[in-house]
Amino acid sequence: MRKNILIVFIGLISLSACKKDFLEQENPNASNIAQYYTSQNDVLLAVNGAYASLRSGDNIGENSGLYTDQRSDDTGTNDNQSNAGEPFQFGDFSISPSNAYLKNHWGSLYQTISRCNIITSNIDNVPFTNPEIKIQYLGETKFLRALMYFQLVRKWGDVPLVTKQLNSTAEVTENTYRQPQTAVYAQIVSDLKDALTSTLIPNLATGANAGRVSKAAINGLLGQVYLTMATTLDAGKTENLANANTYLTAAYNLKPFASLTAVPYADVFDVTKKNSNPEIIFEIVNIQGNASYASSIAANNQAWGETINSKKAATNVGGNVTPDLVLDYETRDPRKDFSIKYAADTRVLDWFVTKYRDVSDNAGVNGYGGNNCPIMRYADIILMLAEVNMLQGNDAAAINYLDMVRARAGVPLYAVARTNATYNAKYPTLKLAILHERRVELAFEHHRWFDLLRFFTTAELVTFFKAKSQANFGNARLSNFTTKDRYFPIPFDEYKLNPEKMYQNPGY
């Protein structure tokens, strides 16, 4: 009966995706994991393998929007065939604990954690020519582990918390139980603070280090974690907000530009400028033209009859955008025309995502794009600073940060926008104005669902969704949304192994 949990926590320790370099795979499978760790380079290969696991659409890669964007009010599947099958359950708020996609997502997140745990459990046995390199590798590993647990705790609530290599069925049984969110957050904070102690992790990851952890990324994630704790946990709100402000400010102060207006919005997503993009803090790197390590998001989002995203011929309706999001863009907001487009083909007649494009010859007719997948960028940090200052009662500072993003976008600053009756009616509070700005600035970057969880209590979130127009939401049924949808269900194969320790979330 313990086979499935072994898959999550032990069966994945083969390190089958460790790398020769940051993107090229090597399979160092060995019957004895400890014997594999004999040199500093062995550890580097394992760390690279942990990074590489993020690429999967079952993890947090570019095609993982099923678990975030489609769970929110931004994207959906509105074609005539979309109201069936397991993927539709996410946006329809009818997800079953036996959903195979849900199980794959859970398993992929824990696979990355397992790789990290193997590194932290064996690194002390390896001689290092420079002890600071060991601290660096540990810092990168702990950042990735924290990132995975942050995904898990926000999506499932209480989850199993394992920070060591598990070597036997007995150890797996002993460690497989849901732990309180507070314990999970405490581990996330501890890992990130440990990562900050490295002297070799750079302030920003650029050039050959693109895609790796930086001090800006660690501070940014810590700030987001504290902000999430302040808005979703019962205790410690004042202290958590103060810490959020501290770490988000630390990340902001590491920016390589004087003003966000110096970085045009379109340049952030221009595949020809990705190697000199000053706004990116943490990203998943793709290789243009490489069948194994290219980006597929441009081609996947291409709608029938369209050529804006990719030279690859479209085979479907592309990445559907809800009318609810389309209507949230302000008049003459250039981010709308850059991010989405209406497909007039009679097979589509709908909006689709154009934010990630690569029509280069190198990407070619196979759609092997070079777009990197942004996980964290400075507009996100700036808007979280607006959010935390607003929550601390410092509206002037909050508006200042909000206006940094609005100024770059070329839309009226907040004080002017408030004089517009339509804007003022839709966003009557600073809180709703910040939430709106995050939506249109960060659309399709997998933030919206988590933003909603921070901005609203569970009861408020139900009210928020119920107030929306079904006509603007597509085939997914708003009537299905209830308090149960705050969290995903625990995958059935995990729950059934021990219904007491792996108790199911309410409503499933």
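Here's what I pulled together on the structure shown here.

Rules of the game
Residues numbered from 1 in each chain as written. Predicted model: local features only at pLDDT ≥ 70, side-chain atom pairs only at ≥ 80, totals over all residues. Heavy atoms only, no water. Helix = DSSP H or I, 4+ residues; strand = E, 2+ residues; numbered from the N terminus. Buried < 20%, exposed > 50% of the residue type's maximum accessible area, 1.4 Å probe, protein only. Contact = heavy atoms within 4.5 Å. Areas by Shrake-Rupley, 256 points an atom, 1.4 Å probe, with all protein chains shown as cover. Lys, Arg positive; Asp, Glu negative; His and termini not counted. Charge placed at Lys NZ, Arg CZ, Asp CG, Glu CD. Expected span 1.5 Å × (residues − 1). Pairing = 2+ DSSP bridges. Polar contact = N/O pair within 3.5 Å; in protein donor to acceptor, adjacent residues only side chain to side chain. 1 Å grid on protein atoms, 1.4 Å probe; cavity = no way out; pocket = protein on both sides within 12 Å on 5 of 7 lines; lining within 4 Å. Points joined across faces, edges and corners; volume = space filled by probe spheres on them. Nonpolar A, V, L, I, M, F, W, Y, C, P; charged D, E, K, R; others polar. Axes fitted to C-alpha atoms, helices over the stretch in contact; angles between N-to-C directions. Parallel < 35°, antiparallel > 145°, perpendicular 65-115°, else oblique. Left-handed = near helix turned anticlockwise from the far one by under 90°. Phe/Tyr/Trp six-rings, centres within 6.5 Å; stacked < 30°, edge-to-face > 60°. Lys NZ or Arg CZ within 6 Å of the ring centre and 35° of its normal.

**Focus: the overall build of the protein**
Looking only at helices and strands, the protein features 22 helices and six strands. Taking the principal axes of the C-alpha coordinates as reference, the protein spans close to 65 × 55 × 50 Å. Across the 508 residues that make up the protein, the buried fraction comes to 59%. Residue pairs at least 24 apart in sequence account for 70% of intrachain contacts in the protein once pairs closer than 6 positions are excluded. Carbon and sulfur atoms form 51% of the exposed surface of the protein, whose accessible area is close to 19,200 Å². Measuring between centres, the 48 positive side-chain charges of the protein sit 1 Å from its 49 negative side-chain charges.

**Thoughts on helix H16 (residues 395–409)**
Side chains three or four residues apart in an α-helix point the same way, a direct result of the helix having 3.6 residues per turn. Its 15 residues place the ends of H16 21 Å apart at the C-alpha level, agreeing with the 21 Å of an ideal helix rising 1.5 Å per residue. Here H16 has its buried residues at Ala397, Ala398, Tyr401, Leu402, Asp403, Val405, Arg406, Arg408 and Ala409. Backbone geometry just downstream of H16 places Gly410 in the positive-phi region, at approximately 80 degrees.

**Side note on the pairing of strand S5 (residues 350–353)**
The pairing of strand S4 (residues 340–343) with S5 spans four bridges and is antiparallel. Residue pairing across strands places Ile340 opposite Val353, the latter belonging to S5. The hairpin formed by S4 and S5 contains six residues between the paired strands, and Leu349 there has a positive phi angle of roughly 50 degrees.

**Here's the deal with the side chain of Asp493**
Counting through the fold element by element, Asp493 comes out in helix H22 (residues 492–495). Here Asp493 falls in the buried class, since its relative accessible area comes to 19%. Here Lys103 takes part through its side chain, which lies 2.6 Å from a polar atom of the side chain of Asp493.

**Some details on empty space enclosed by the protein**
By the definition in use, this model includes seven cavities of 30 Å³ or more. Forming the walls of the largest cavity are 21 residues, and the residues nearest its centre are Gln151, Ile375, His446, His447 and Phe450. Residue assignment for the lining of the largest cavity shows that the elements contributing at least two residues are helix H6 (131–156), helix H9 (215–232) and strand S6 (373–377). The element best represented in the lining of the largest cavity is H6, accounting for five residues. Quantified by volume, the second largest cavity comes out at close to 130 Å³. Residue lining of the second largest cavity: Val268, Phe269, Asp270, Val271, Lys274, Asn277, Ile280, Glu283, Tyr356, Asn371, Asn372 and Pro374, and that is the complete set. Considered class by class, the residues forming the lining of the second largest cavity number six nonpolar, three polar and three charged.

**What to know about the packing of H16 against helix H19 (residues 430–441)**
H19 packs onto H16 with a crossing angle of 25 degrees between their chain directions and a minimal axis gap of 11 Å. The angle between H16 and H19 places the two elements in the roughly parallel class. Crossing of H16 against H19: the hand is left-handed. Counting all contacts with H16, which are made through Asp395, Ala398, Ile399, Leu402, Val405, Arg406 and Arg408, the residues of H19 involved are Leu430, Ala433, Ile434, His436, Glu437 and Glu441. Here the residues of the contact of H16 with H19 sort into seven nonpolar, one polar and five charged.

**Considering the packing of aromatic side chains**
Throughout the structure, instances matching the rule amount to 29 aromatic pairs. Summarising the aromatic geometry, the rings of Trp106 and Trp156 are spaced 5.1 Å apart at their centres and angled 85 degrees between planes, so their arrangement reads as edge-to-face. One end of the pair, Trp106, is in helix H5 (residues 100–122); the other, Trp156, is in helix H6, with 50 residues separating them in the sequence. The residues Trp106 and Trp156 share a single accessibility class, namely buried. Members of the aromatic cluster, connected to one another through ring pairs, are Tyr67, Phe90, Trp106, Tyr110, Tyr149, Trp156 and Phe488. Arg154 extends its terminal NZ or CZ atom over the ring of Phe150, reaching a point 3.5 Å from the ring centre. Sitting over the face of the ring of Phe338, Arg357 holds its NZ or CZ atom 4.4 Å from the ring centroid.

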